[in-house]
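# Structure at a glance
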Amino acid sequence: MNPTTYLWNPSPVLSLPVRGRTERYPIHRLFFVGRNYHAHAVEMGRPVDKSVEVPFYFTKAPSTLVESGATVAYPPGTKDYQHEMELVLAIGAPGFRVGEAHAHELIYGYACGLDMTRRDLQLIAREKGRPWDLGKDVEESSVVSEIVPMPGTVLDKGALAMNVNGAQRQASDLSKLIWNIPELIADLSKFYHLQPGDLIFTGTPEGVGPVQSGDRIEGRIDGVGTITLEVGPAE
Ligand code: MN
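I will try to describe carefully the structure that is included in this document. Everything quoted here is computed from the prediction, not taken from an experiment.

With that settled, consider the environment of Pro196. Relative to the elements of secondary structure, Pro196 occurs in the loop between helix 4 (181–188) and strand 15 (198–201). On the basis of relative accessibility, which here comes to 42%, the residue Pro196 falls in the partly exposed class. Sequence separation between Pro196 and Leu14 is 182 residues; the distance between their C-alpha atoms is 13 Å. Ignoring anything within four residues of it in the chain, the contact list for Pro196 reads Tyr25, His28, Ile91, Gly92, Ala93 and Pro94.

Here it is, written out as structure tokens:
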């Protein structure tokens, strides 16, 4: 039996460092929760009524993943590249149609994340009822810190804050999530067979805004860690 050969070198396995471990966390998929903090939903002009609404999601290609500490190009096609600081949930066990009471069993740990967004293109797409891909599925736009192992732990509080060049932009608390961690796992697993390596960006609080080439972003979530990103020149 000959080993499989390829026309060119296959893409490497995408992964993130894990605090306290030499093994890395291999990435499967990147899920993102839309509007999951009331004040952000309001600033986007789309308030959320949890009594009649359900969460919604978008995905980005895993190849958009960038590690904290990177310098990324200001991306093409936008004049309004924006930061969204988020708690990232790292899945560590498979689950499909998981009840809220069992949702914690899927949790491997957490990380800090930045869901970088071409806001101008996202809003055009939203207005026209088109997919968000050009606004959201941006190369180098899924920034994630090291994964912090907390198997089975439901995070339900903790301050989240970020600044650009030292000036605070976003500050909130995980207790303000509209749909909490067990509710998100239960809901998303109605539609997907969640698997180890799936990351769920849980949504951003208010204070999103633009970045420019040369900006330095710093973020932190109490009990999780920190994240940094430098925005380089436009391509
Ligand atoms: Mn987001």
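For the manganese ion, the full set of protein donor atoms is Glu84 (OE), Glu86 (OE) and Asp115 (OD), and the range of their distances to it is 2.0 to 2.1 Å. Spacing between the donor residues of the manganese ion along their common chain follows E-x1-E-x28-D. Of this pair, Glu86 sits in strand 8 (residues 85–91) while Asp115 is found in strand 9 (residues 107–115), placing the two residues 29 residues apart along the sequence. The buried category is assigned to Glu86, whose relative accessible area is 0%.

The next subject is the side chain of Asn36. Structurally, Asn36 is set in the loop between strand 3 (29–33) and helix 1 (38–43). A distance of 2.9 Å separates a polar atom in the side chain of Asn36 from the backbone oxygen of Thr202. With residues up to four places along the chain from it excluded, the contact list for Asn36 reads Lys176, Leu177, Ile178, Trp179, Leu184, Thr202 and Gly203.

Quick look at the sheet that holds strand 10 (residues 117–118) now. Taken together, three strands build an open sheet; the order of strands is 10-7-16 and the sheet is antiparallel. Every other strand in the sheet has two partners, leaving strand 10 and strand 16 (209–210) as the edge strands with one partner each. Bridging between strand 7 (residues 81–83) and strand 16 involves two bridges; their strand directions are antiparallel. The residue bridging Gln82 from the neighbouring strand is Pro210, located in strand 16.

Reading guide: rules and limits
Residues numbered from 1 in each chain as written. Predicted model: local features only at pLDDT ≥ 70, side-chain atom pairs only at ≥ 80, totals over all residues. Heavy atoms only, no water. Helix = DSSP H or I, 4+ residues; strand = E, 2+ residues; numbered from the N terminus. Buried < 20%, exposed > 50% of the residue type's maximum accessible area, 1.4 Å probe, protein only. Contact = heavy atoms within 4.5 Å. Donors = N, O, S within 2.8 Å, 3.2 Å for Na, K, Ca; no water. Polar contact = N/O pair within 3.5 Å; in protein donor to acceptor, adjacent residues only side chain to side chain. Pairing = 2+ DSSP bridges.

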